[in-house]
Amino acid sequence: MPLGSLVVISALVCATSAALTRRAVPCPDGVHSATHPACCALYPIVDHIQQNLFDGGECDDEVHESLRLTFHDAIGFSLSQGPSGGGGADGSIMSFSDTELQFSANGGLDDIVKMQEQCLSECGGNGVVSPGDFIQLAGAVGVSNCPGAPRLKFLLGRPNATAPAPDKLVPAPTDSTDVIFARFADAGFNTDEVVALLASHSIASSKVLNPSMVGAPFDTTPELFDTQFFVEELLRPRGFHGTELQSGQTDSPIEGEMRIMSDSLIARDSRTSCTWQSFINNQARMADAFGQAMAKLAVLGQDTSKMIDCSEVIPQPKSLPVEHSQSVFPPGFSNADVEQACSATPFPKLSTLPGPVTPVPPVPS
Ligand code: HEM
């Protein structure tokens, strides 16, 4: 082989391995290391977030709200409307909260925006991270507290927002699937990515949709990033449970559980039903798809060539407890309750948890 070819090959090998193994250098604190010196300043901010926002590292209500906030900030972005269609993941929901928190789709986010603003000012984050960085950092750190979650990426360097996002860019639970898929397409997401992002509803509860169901979780395990949400959404309703359904809500057969109309429709839509079903009993596939879609969401509208990859500051999430590693039917439910929507593949065989049918308790706030 000519010498020139050898040089080219070895240069390629070096470039590839450098890309795969980013070398970490020690941080001045003598404890951590980072792949870029700018990432070192994030470690104390992460600690502060864990202690003050997430109660020492829980997968709690503030984590759920922080994850929702990553979405409601980022989705303020439109390819078709150009620069006037919002700056995406730019922190505008915090910097221009007087405007954006008035949008009806942002209902219920006031408290977490205030808590994060306070956390940002107290943790020494001002000047290190922008509001847009902080929202995505808090979301990624929070998700790491939920067993079963993927370790989300974090890129540093979102400039401050210069204007609020326009109204009507955040999807509503009353929207049709056509409207939702078109909105996501206009932000650069395909239908498979929409389903992947909805894994977020595995760690979710509702606060504002139905005043008589405050704290109602979207699945029976809101403290775990597991696949139960995808199973339970497909269970056939069993009738009225004593609370009047509100607009944007539809009946779940599990008492106390919130089922929003848009999730129910996306689970049953022929464009998404097979991707939806593919996540059932396939934790790795769901977690991986969510991680990839979140990596895209977190930098929506941003110039990533000017950002620094500081993903190493995000804690490694815990695995699911063994007893939750498989999808199951909740007590009293079986395959006969499934409204199968994917015609291409059979519904996975799941066992039923023992015990009586019980209501699911609200998530403590
Ligand atoms: C089709 C798109 C979506 C619609 C229509 C939608 C709608 C909703 C609604 C209505 C709620 C309950 C609000 C309340 O009553 O307090 C909610 C909660 C939540 N959403 Fe979504 N959502 C969508 C996509 C997403 C995405 C992409 C994410 C994150 C990546 C996300 C994360 C969450 C989380 C974590 C909660 C729970 C918040 C809490 O527990 O306080 N959602 N969503």
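- The name an unreviewed UniProt entry gives the protein chain is Peroxidase, with Lactarius akahatsu as the organism.

1. Here's the deal with the overall build of the protein chain
Part 1 of the reasoning: A tally of regular secondary structure across the protein chain gives 14 helices and 10 strands.
Part 2 of the reasoning: At 21 Å, the protein chain has a C-alpha radius of gyration in line with the 21 Å of a compact globule built from 365 residues.
Part 3 of the reasoning: Overall size of the protein chain, expressed as C-alpha extent along the three principal axes, is 70 × 60 × 45 Å.
Part 4 of the reasoning: Residue burial in the protein chain is summarised as follows: out of 365 residues, 51% are buried.
Part 5 of the reasoning: Here the analysis covers contacts within the protein chain between residues at least 6 apart in sequence; of these, 72% occur between residues at least 24 apart.
Part 6 of the reasoning: Just so you have it, the protein chain exposes about 16,300 Å², and 57% of that area is on carbon and sulfur atoms.
Part 7 of the reasoning: The averaged location of the 41 negative side-chain charges in the protein chain is 7 Å from the averaged location of its 20 positive side-chain charges.

2. Digging into the UniProt feature "binding site: heme b" (unreviewed entry) in the protein chain
Part 1 of the reasoning: The feature "binding site: heme b" (unreviewed entry), as given by UniProt, occupies His201 in the numbering adopted here.
Part 2 of the reasoning: Tracing the chain through its elements places His201 in the loop between helix H10 (191–197) and strand E4 (205–206).

3. Concerning the state of the cysteines
Part 1 of the reasoning: For the structure shown, the criterion picks out four disulfides.
Part 2 of the reasoning: With its sulfur 2.1 Å from that of its partner, Cys27 forms a disulfide with Cys40. Judged by the sign of its S-S torsion, about -85°, the bond between Cys27 and Cys40 is left-handed. Taken together, the residues Cys27 in the loop between strand E1 (25–26) and strand E2 (33–34) and Cys40 in helix H2 (residues 37–40) connect sequence positions 13 residues apart.
Part 3 of the reasoning: We classify Cys27 as buried; its relative accessible area is 4%.
Part 4 of the reasoning: Disulfide partner of Cys274: Cys342, at an S-S distance of 2.1 Å.

4. Here's the deal with the UniProt feature "active site" (unreviewed entry) in the protein chain
Part 1 of the reasoning: Residues annotated in UniProt with the feature "active site" (unreviewed entry) correspond here to His72.
Part 2 of the reasoning: For His72, a relative accessible area of 6% translates into the label buried.
Part 3 of the reasoning: If we ignore the near neighbours within four places in the chain, the residues touching His72 are Ile93, Ala105, Asn106, Leu109 and Val170.

5. Describing the packing of helix H4 (residues 61–74) against helix H7 (residues 110–122)
Part 1 of the reasoning: Direction vectors running N to C along H4 and H7 enclose 95°, while the axes themselves pass 10 Å from each other. What the angle tells us is that H4 and H7 run roughly perpendicular. The segment H4 lies against H7, with Glu62, Glu65, Ser66 and Leu69 engaging Ile112, Val113, Met115 and Gln116.
Part 2 of the reasoning: Grouping the amino acids of the contact of H4 with H7 by side-chain chemistry returns four nonpolar, two polar and two charged.

6. Notes on the site of the ligand
Part 1 of the reasoning: Near the ligand, the surroundings consist of 25 residues, among which His201, Ser205, Ser206, Lys207 and Leu209 are the closest.
Part 2 of the reasoning: With respect to the ligand, the backbone of Ser205 contributes an N or O atom lying 2.8 Å from an oxygen atom.
Part 3 of the reasoning: At 3.0 Å, a backbone N or O of Leu209 approaches an oxygen atom of the ligand.
Part 4 of the reasoning: When contributions to the shell around the ligand are tallied by element, the ones reaching two or more residues are H4, helix H9 (177–186) and E4.
Part 5 of the reasoning: Per element, the largest residue contribution to the shell around the ligand is five residues, and it comes from H4.
Part 6 of the reasoning: Of the residues belonging to the shell around the ligand, the class tally is 16 nonpolar, six polar and three charged.
Part 7 of the reasoning: Counting contributing residues per domain, the shell around the ligand is built from domain 1 (34–170 + 294–313) and domain 2 (177–283 + 321–352), each supplying no fewer than three.

7. Some words on the packing of aromatic side chains
Part 1 of the reasoning: A complete count under the given rule lists eight aromatic pairs for this structure.
Part 2 of the reasoning: Each ring, one from Phe184 and one from Phe189, has its centre 6.1 Å from the other, and the planes form 85°; the classification is edge-to-face. This pair shows no difference in class: Phe184 is buried, exactly as Phe189 is.
Part 3 of the reasoning: Aromatic side chains Phe230 and Phe279 sit 5.2 Å apart centroid to centroid with 75° between the ring planes, which places their arrangement in the edge-to-face category. Here Phe230 is found in helix H11 (residues 228–232), whereas its partner Phe279 is found in the loop between helix H13 (273–278) and helix H14 (283–297), with 49 residues between them in sequence. With respect to class, Phe230 is no different from Phe279; both count as buried.
Part 4 of the reasoning: In this structure an aromatic cluster arises from ring pairing among Phe229, Phe230, Trp276 and Phe279.
Part 5 of the reasoning: Taking NZ or CZ as reference, Arg238 lies 3.9 Å from the ring centre of Phe333, over its face.
Part 6 of the reasoning: Just above the ring of Phe189 sits the side chain of Lys296; from NZ or CZ to the centre is 5.1 Å.

8. A word on the domain arrangement of the protein chain
Part 1 of the reasoning: Split by domain assignment, the protein chain resolves into domain 1 (34–170 + 294–313) and domain 2 (177–283 + 321–352).
Part 2 of the reasoning: For domain 1 and domain 2, the distance between their C-alpha centroids amounts to 25 Å.
Part 3 of the reasoning: For the domain 1 and domain 2 pair, buried surface summed over both sides reaches about 1,700 Å², with 63% attributable to carbon and sulfur atoms.
Part 4 of the reasoning: Counting the surface domain 1 buries against domain 2, the share from its top three residues, His64, Pro147 and Lys296, is 27%.
Part 5 of the reasoning: The interface formed by domain 1 and domain 2 includes three salt bridges.
Part 6 of the reasoning: With a shortest N-O distance of 2.9 Å, Glu65 and Lys207 are connected by a salt bridge.
Part 7 of the reasoning: In this structure, the connection of domain 1 to domain 2 is made through 13 residue pairs in polar contact (both at pLDDT 80 or more).
Part 8 of the reasoning: Of all the secondary-structure elements, those providing two or more residues to the side of domain 1 that touches domain 2 are H4 and H14.

Rules and cut-offs
Residues numbered from 1 in each chain as written. Predicted model: local features only at pLDDT ≥ 70, side-chain atom pairs only at ≥ 80, totals over all residues. Heavy atoms only, no water. Helix = DSSP H or I, 4+ residues; strand = E, 2+ residues; numbered from the N terminus. Rg over C-alpha atoms; globule rule 2.2 N^0.38 Å. Buried < 20%, exposed > 50% of the residue type's maximum accessible area, 1.4 Å probe, protein only. Contact = heavy atoms within 4.5 Å. Areas by Shrake-Rupley, 256 points an atom, 1.4 Å probe, with all protein chains shown as cover. Lys, Arg positive; Asp, Glu negative; His and termini not counted. Charge placed at Lys NZ, Arg CZ, Asp CG, Glu CD. UniProt positions renumbered as here; feature names shortened; annotations may be inferred. Disulfide = S-S within 2.5 Å. Axes fitted to C-alpha atoms, helices over the stretch in contact; angles between N-to-C directions. Parallel < 35°, antiparallel > 145°, perpendicular 65-115°, else oblique. Nonpolar A, V, L, I, M, F, W, Y, C, P; charged D, E, K, R; others polar. Near = heavy atom within 4 Å. Polar contact = N/O pair within 3.5 Å; in protein donor to acceptor, adjacent residues only side chain to side chain. Domains from an automatic or database assignment. Phe/Tyr/Trp six-rings, centres within 6.5 Å; stacked < 30°, edge-to-face > 60°. Lys NZ or Arg CZ within 6 Å of the ring centre and 35° of its normal. Buried area = accessible area lost by both parts, 1.4 Å probe. Salt bridge = Lys/Arg side-chain N within 4 Å of Asp/Glu carboxyl O.

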